Amino acid sequence: MKRRFAISILVGTLAAFSMMTANAANLLDTIVSQKTLRVAVPVDYPPYGYVGGDMVPQGLDIDVANLIGEKLGAKVTLVPVTAPNRVPYLQTGKADMTISSLGKTAERAKVIDYSIAYAPFFDAVFGGAKTPAKSYAELAGKTVSVTRGSMQDEELTRLAPNAEVKRFEDNNSTISAFLSGQTQLTAIGTTVAAAMQQKHPGLDLQLKVILSNSPCYVGMPKGQPELVNKVNEILRAAKADGTLDKISQKWLGAPAGDLPE
């Protein structure tokens, strides 16, 4: 009796494991069949993703999420995330993909898969006129606010190891630290800097040092080649017919241009 019971448990466990494996291997099929797409997006990073006056998320990333959802015939459920938890949400199954101005790095590529690029993005260090910094070396000893776990964090740590980096858990806190004078400089995207200047007319904000040109990619769970291929198919079509250029023009004031594969 005990042996039969043990065998029954084993068979049940194997069946459950097989079902989980099958489900994990068919995320695209699940999205299409359930007609629901869960997309992790930023809500504190204009113009890529933020909450508008009507309390509805909007921005470049949200438009791209809706584009992909439409092409998949799925209703998009937006899952708010911050820079540090964009990747963990994919790893733990809380989102089917992340469209959150995500840059491509070797470390991230070990745990998630990427689409082709869908939007341009420049990272840089910004500050006021009274804070001289024209090179990585001149950042030494200067306080710089940055969002923990972001591309800017990685770039700043690598390129300016002697800078005094102040890390914050979300983009609003990073920006607020600079605006309130807690730091001399801030490491952000150039489009975010433009949004800051629009929100704060007369703000003394100058580009000091370019950290990188880091296009945005859709992040997806590892081992989902069908989903990656489908998203790439959608993005390539949107590049060809000008849709990505229109979305970029709407939010960044310039077309997406020649994005890397």
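Structure shown above.
### Considering the overall build of the protein chain
Then, in step 1: Across its full length, the protein chain carries ten helices and 13 strands.
Then, in step 2: On the principal axes, the C-alpha backbone points of the protein chain span a range of 80 × 45 × 35 Å.
Then, in step 3: Within the protein chain, buried positions represent 48% of all 261 residues.
Then, in step 4: When contacts within the protein chain are restricted to residue pairs at least 6 apart in sequence, long-range pairs at least 24 apart make up 70% of them.
Then, in step 5: Split by element, the accessible area of the protein chain, about 12900 Å² in all, is 57% carbon and sulfur.
Then, in step 6: Taken together, the 27 basic and 24 acidic charged side chains of the protein chain have centroids lying 6 Å from each other.

### What about the sheet that holds strand 5 (residues 75-81)?
Then, in step 1: Overall, mixed pairing links the five strands, which are arranged 5-1-6-13-7 in an open sheet. A single partner strand is all that each edge strand has here, and the edge strands are strand 5 and strand 7 (112-119). The mean inter-strand angle of the sheet, taken between neighbouring strand axes irrespective of direction, is 25°.

### A word on the packing of aromatic side chains
Then, in step 1: Applying the stated criterion across every chain yields a total of five aromatic pairs.
Then, in step 2: With a centroid separation of 5.2 Å and 45° between ring planes, the pair formed by Tyr48 and Phe121 is classed as tilted. Of this pair, Tyr48 sits in the loop between strand 2 (44-45) and strand 3 (49-51) while Phe121 sits in the loop between strand 7 and strand 8 (122-127); the two residues are 73 residues apart in sequence, bridging distant segments of the chain. As far as the burial class goes, Tyr48 and Phe121 line up, both buried.
Then, in step 3: Note on Tyr114 and Tyr217: the rings are 5.8 Å apart at their centroids and 75° apart in plane angle, and the pair reads as edge-to-face. Residue Tyr114 is located in strand 7, and its partner Tyr217 is located in strand 13 (residues 216-221); the two are separated by 103 residues in the primary sequence.
Then, in step 4: Given the relative accessible area of 11%, Tyr114 is considered buried.
Then, in step 5: Through a chain of ring-to-ring contacts, three or more aromatic side chains come together here, namely Tyr45, Tyr48 and Phe121.

### Regarding helix 2 (residues 27-34)
Then, in step 1: Looking only at helix 2, the buried set comprises Leu27, Leu28 and Ile31. On an axial view of helix 2, the arc spanned by its buried residues comes to 105°, and they lie on one face. Seen from the buried face of helix 2, the exposed residues on the opposite side, beyond 90 degrees, are Ser33 and Gln34.

### A look at the pairing of strand 13
Then, in step 1: With six of six residues buried, strand 13 is to be regarded as a mostly interior element.
Then, in step 2: Both strand 6 (residues 97-102) and strand 13 contribute to a ladder of two bridges, which runs antiparallel. When the sheet's bridge partners are listed, Thr98 is paired in strand 13 with Gly219.
Then, in step 3: Where strand 7 and strand 13 come together, five bridges link them in antiparallel fashion. When the bridges of strand 13 are listed, Ala119 appears paired with Cys216.

Quick notes on the rules
- Residues numbered from 1 in each chain as written.
- Predicted model: local features only at pLDDT ≥ 70, side-chain atom pairs only at ≥ 80, totals over all residues.
- Heavy atoms only, no water.
- Helix = DSSP H or I, 4+ residues; strand = E, 2+ residues; numbered from the N terminus.
- Buried < 20%, exposed > 50% of the residue type's maximum accessible area, 1.4 Å probe, protein only.
- Contact = heavy atoms within 4.5 Å.
- Areas by Shrake-Rupley, 256 points an atom, 1.4 Å probe, with all protein chains shown as cover.
- Lys, Arg positive; Asp, Glu negative; His and termini not counted.
- Charge placed at Lys NZ, Arg CZ, Asp CG, Glu CD.
- Pairing = 2+ DSSP bridges.
- Axes fitted to C-alpha atoms, helices over the stretch in contact; angles between N-to-C directions.
- Phe/Tyr/Trp six-rings, centres within 6.5 Å; stacked < 30°, edge-to-face > 60°.
- Arc of directions from axis to C-beta.

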